[in-house]
Amino acid sequence: MKKEKYCKVVIKYVSKLGIFLSAFSLSLGIIYFFLPTNSILYDLFGFVLIFSWLLNGALVYFTDIYLNKNFHIGKQINRLSYYYLALFIASILLLVFGIIFSAFIISGPLLVLGNIMIVSGFLITNLYGFHFCIVTFTNIDNRGAWTFE
Amino acid sequence: MHGLLNKSKKVKYVKQFLRLLCYLTFLVGIIFTIVLLFPIKNSLIISMSYFITQITGFLMFLYIPTTLLLLKLTHKNRFKNWNRISILVIGLLLTVLNALPLMSVPVSIQTAETEFSVAYGENWRSDIPQRVNNYFLPTQFNLYNYFLGFPHRDCNVETDVLYYDADGIRLYFDVYYPKGVYSDLPGNGSVIIKLHGGSWQYGDKSLGNVLVLNKYLATQGYIVFDIQYGLFDSGGSSFIPTPDYVKGNFTLHDMVYQIGTFTKLLETTYADRYNANLNSIFIMGGSAGGQLTGVIGLGYNDPYFSGNFSNALTIKGIIPIYPPDFAPSFLLPGDPLSNPLAFEKFTPSNLADPSDPPTLIFQGLRDDLVSIDNAERIRSSLNDEGVDCIVLTFPFAAHASDLIVGNTYSQVWLYYLERFLYLEH
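Residues numbered from 1 in each chain as written. Chains lettered and ligands numbered in written order. Predicted model: local features only at pLDDT ≥ 70, side-chain atom pairs only at ≥ 80, totals over all residues. Heavy atoms only, no water.

**Some remarks on the interface of chain B and chain A**
Put simply, the test is: Throughout, a residue-residue contact means that at least one pair of heavy atoms, one from each residue, lies within 4.5 Å. The term buried area refers to how much accessible surface (probe radius 1.4 Å) is lost by two components on association, counted for both of them together. Salt-bridge detection follows one rule: a side-chain nitrogen of Lys or Arg within 4 Å of a carboxyl oxygen of Asp or Glu.
Contacts between the two partners involve 39 residues from chain B and, on the opposite side, 40 residues from chain A. Of the roughly 3700 Å² buried at the junction of chain B and chain A (both faces included), carbon and sulfur atoms supply 75%. When residues of chain B are sorted by the area they lose upon contact with chain A, K72(B), Y144(B) and L148(B) head the list and together hold 23% of the total. In this assembly, chain B and chain A are joined by one salt bridge.

Okay, structure coming up:
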């Protein structure tokens, strides 16, 4: 019983931190796309971005263990986690192909396409991660959604 | 009821399909990780290593969600959990092994720091004024440039300027130069002549010659000439894009002659057109272009090449990138026994003399095509003549691993390259 209570606290705080980090990296990422310079603030952004990805991954892992998938909210969060993982994979592919594109194209529509791939890859993964963390956090006290109740 | 059954069947099929995709990703991941870690002398694997070693950070973040997805799709009670444990172990292993190039960045930085301290002294950074430093990358590596790409800088670019039309071929160059006044910028109109790679048979300017770097250097005040040279037509094919109009039955003599023609035109025509500083010239090239960089840069004042190059140019430094230190036999008439002088003069390390310019070499330690011995031979011959030669080595970097500028190797490389150029210009 104690262990389960502890897990609830962990999921609560991981999702809370995930909301904060996703919001932080989203805002700094958008600023970076408009002002792509080199600064210490962006150095911090790089670390936060990676940490938020890892944290969201951990949240998916924990929710999978403790979600009550027979309850409708549990089912919904479970479905969301599937979408998040699928979109995360798609975003990473968009980012890597966007970066390869923009590394080899001097100018023109293909370079624009490469940049669009990078921006959309970043936005999809972070926006959906942000959404997943919010949904998990707001439902943490929902009776029946979790197996630790 | 029938609809519900259909829906659950559909979900089952989708899950099966996803599971298959995940296992496929794992299989590809295992192959890619083997390519990353073990040198295998196979042309397909060598070609794969060009790209894989540059994107391992992304691959790592591909294996994490794949592992999680596969864990979600695999029920806990099946096969007494062994299946889930093996998925977790494989997923974690792939993730950790693909994180190695990112984790090796401090090693590359430490090597570079030591090399620069030996060449310029412990306090080499104090030779760069703060005004100039403001133009440079503030840190050797950052994650946002790695994951979101290195932005294209805004400079003037002129493409496809014809400089050679003879022997049945036409050769063009692209030029990148700064917008506005150069004098305030670190490069101050210094020239960089860039030679692409491709085994002397393939490749092209622009796409094959790190154009993001060309743009970056141009915004720092350098005039970057990215030039073509005649390629040996072996009749073979490659995935490297190569224009047909540069191919012919060319030897290394011809290639050096064509590049020599460019240096003469630079003196008579292009220096004025682009306001270039002929007293500060750098030659840079990768792979076959690195070998030519070594031959031209170190042989510029060699009597063997007398009359081949412009005398008005002062070579301030050369930057061979993973350079072969040998003359390929198919590119020279005869063989080393019947034609020893040519073979000697087209091997960079044989051309070292005290008047040679300082040299900065990029060398991947995972390069199956051109091993570090080549760079070490060039370094040792230059050091014997009292010339500085800095070799920056990168663990896990394969051949051509500088092509994506934001990657783990290129960021560190660029940080020290821009400082080398400033210190020597």
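**Details of the packing of aromatic side chains**
Stated formally: Only centres within 6.5 Å qualify two rings of Phe, Tyr or Trp (six-membered ring in Trp) as a pair; their planes then separate them into stacked at under 30 degrees, edge-to-face at over 60, and tilted for everything else. In this description a helix means any DSSP run of H or I spanning at least four residues, a strand means any run of E spanning at least two, and both kinds are numbered starting from the N terminus.
This model, assessed by the stated rule, comprises 52 aromatic pairs over all chains. On the basis of an interplanar angle of 80° and a centroid distance of 6.1 Å, the ring pair of F45(A) and F122(A) is categorised as edge-to-face. Note that F45(A) is positioned in helix α2 (residues 40-66) and F122(A) in helix α4 (residues 109-138), a separation of 77 residues in sequence. Both rings, one in Y304(B) and one in F346(B), keep their centres 6.2 Å apart while their planes meet at 85°; by these two values the pair is edge-to-face. Placement of the pair is Y304(B) in the loop between α11 (288-299) and β8 (315-321) and F346(B) in the loop between α12 (340-345) and β9 (359-364), with a sequence separation of 42 residues.

**Section: the domain arrangement of chain B**
Residues and elements named next belong to chain B. Keep this limit in mind: What marks off one domain from the next here is an automatic or database domain assignment. Counted as a polar contact is a pair of N or O atoms within 3.5 Å, where, for protein atoms, one must be capable of donating a hydrogen and the other of accepting one, and residues adjacent in sequence contribute only when both atoms are in side chains. Each residue is assigned to one of three groups, with Ala, Val, Leu, Ile, Met, Phe, Trp, Tyr, Cys and Pro labelled nonpolar, Asp, Glu, Lys and Arg labelled charged, and all others, Gly among them, labelled polar.
For chain B, the domain assignment lists domain 1 (2-102) and domain 2 (105-424). Each side of the interface is counted separately: domain 1 has 22 residues, and domain 2 has 21 residues. Of the roughly 1900 Å² buried where domain 1 meets domain 2, counting both sides, 64% is carbon and sulfur surface. Among the residues of domain 1 in contact with domain 2, Y50, Q54 and L102 are the three that bury the most area, contributing 37% of the side total. Here domain 1 is connected to domain 2 by zero salt bridges. Between the two partners, domain 1 and domain 2, sit 10 residue pairs in polar contact (both at pLDDT 80 or more). A class-by-class count of the residues in the side of domain 1 that touches domain 2 yields 15 nonpolar, six polar and one charged.

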